[in-house]
Amino acid sequence: MRPLLVLLPLCLLACVGPDHIEVDPAGPRFTHRGETLRLHGRTTDRNGKVYGRDRAFFRSRDPKVAAVNEHGDLTAVGSGHTVVEARAGSLYAEIPVEVDLVERLQASASHLSLSIEDEPLPVPVAALGRDGAPRKDREVELTSDDPNIARVDPLGRIWGVTPGDTLIKARVEDKLAVIAVHVTGEKTRTAAHRVR
């Protein structure tokens, strides 16, 4: 009986160990191509004890959406959803990853006409996601080819400066929309003359 009492505690000690992997962050979401973060995989037991020597390795089910190296460096590649798998010995975990990029810019007008006496016009451009819905949280960068003819203010409005023609360019990452702007010296009669 005495040897049995000695073996029982040894067995209990040998049977204790990690039983799952905790991945942090648990559900990353990206909004820009090339955006990165580091995943951390910890092996723990049911009591929350962390086993630092049991390292987790990572793999993406769809590298065209999000790529990851074995150390957990995760990079947004293209719009969509995928799953990243973490493995440490016989333990396995998975986390969802969402990449929500702007897929195109939509201009509601390709030409604008205004005068140097008119109130400024808002730039009619929307950033659209893969589902075709506007992404209002994405900042559209606006520039004028010739600010001496038409300039864009910090609120995204176009001001006529001097008569002439120029282009207003709207960008979000690699997506581009171009609006031709004609500025006159006379005040336009109605809004209908201003957008074509």
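Residues numbered from 1 in each chain as written. Predicted model: local features only at pLDDT ≥ 70, side-chain atom pairs only at ≥ 80, totals over all residues. Heavy atoms only, no water.

1. What to know about the sheet that holds strand 5 (residues 57-60)
- An order of 2-9-8-5 is seen for the four strands of this open sheet, with the pairing classed as mixed. Single-partner strands in this sheet number two, and they are strand 2 (29-30) and strand 5.
- When strand 8 (residues 80-88) meets strand 9 (residues 91-99), the two strands line up antiparallel, connected through nine bridges. In the strand pairing of strand 9, His81 is matched with Glu98. (Pairing = 2+ DSSP bridges. Helix = DSSP H or I, 4+ residues; strand = E, 2+ residues; numbered from the N terminus.)

2. What about the pattern of salt bridges?
- Per the counting criterion, the structure on display carries 15 salt bridges.
- Linking Arg38 and Asp73 is a salt bridge whose minimum nitrogen-to-oxygen distance equals 2.5 Å. In this pair, Arg38 is assigned in strand 3 (residues 36-38) and Asp73 in strand 7 (residues 73-76), connecting sequence segments 35 residues apart.
- Arg38 sits in the partly exposed class, given a relative accessible area of 41%.
- Taken together, the shared-partner salt bridges connect Arg29, Glu98, Asp100, Asp131, Arg135, Asp137 and Arg138 into one network. (Salt bridge = Lys/Arg side-chain N within 4 Å of Asp/Glu carboxyl O. Buried < 20%, exposed > 50% of the residue type's maximum accessible area, 1.4 Å probe, protein only.)

3. A short note on the nonpolar core
- Core analysis: the largest hydrophobic core is formed by 20 residues, its most contacted members being Ile21, Val23, Leu39, Phe58, Leu74, Val84 and Val99.
- When contributions to this core are tallied by element, the ones reaching two or more residues are strand 1 (20-24), strand 6 (66-68), strand 7, strand 8 and strand 9.
- In terms of residues, this core owes the most to one element, strand 9, which gives five residues.
- Not counting the four nearest positions on each side in its chain, Leu39 is found in contact with Val23, Asp24, Pro25, Pro28, Phe58, Val68, His71, Gly72, Leu74, Val84 and Ile95.
- Counting residues in hydrophobic clusters, the runner-up holds 19 residues, among them Val102, Ile149, Ala150 and Ala177. (Core = buried A, V, L, I, M, F, W, Y, C linked by side-chain atoms within 4.5 Å. Contact = heavy atoms within 4.5 Å.)

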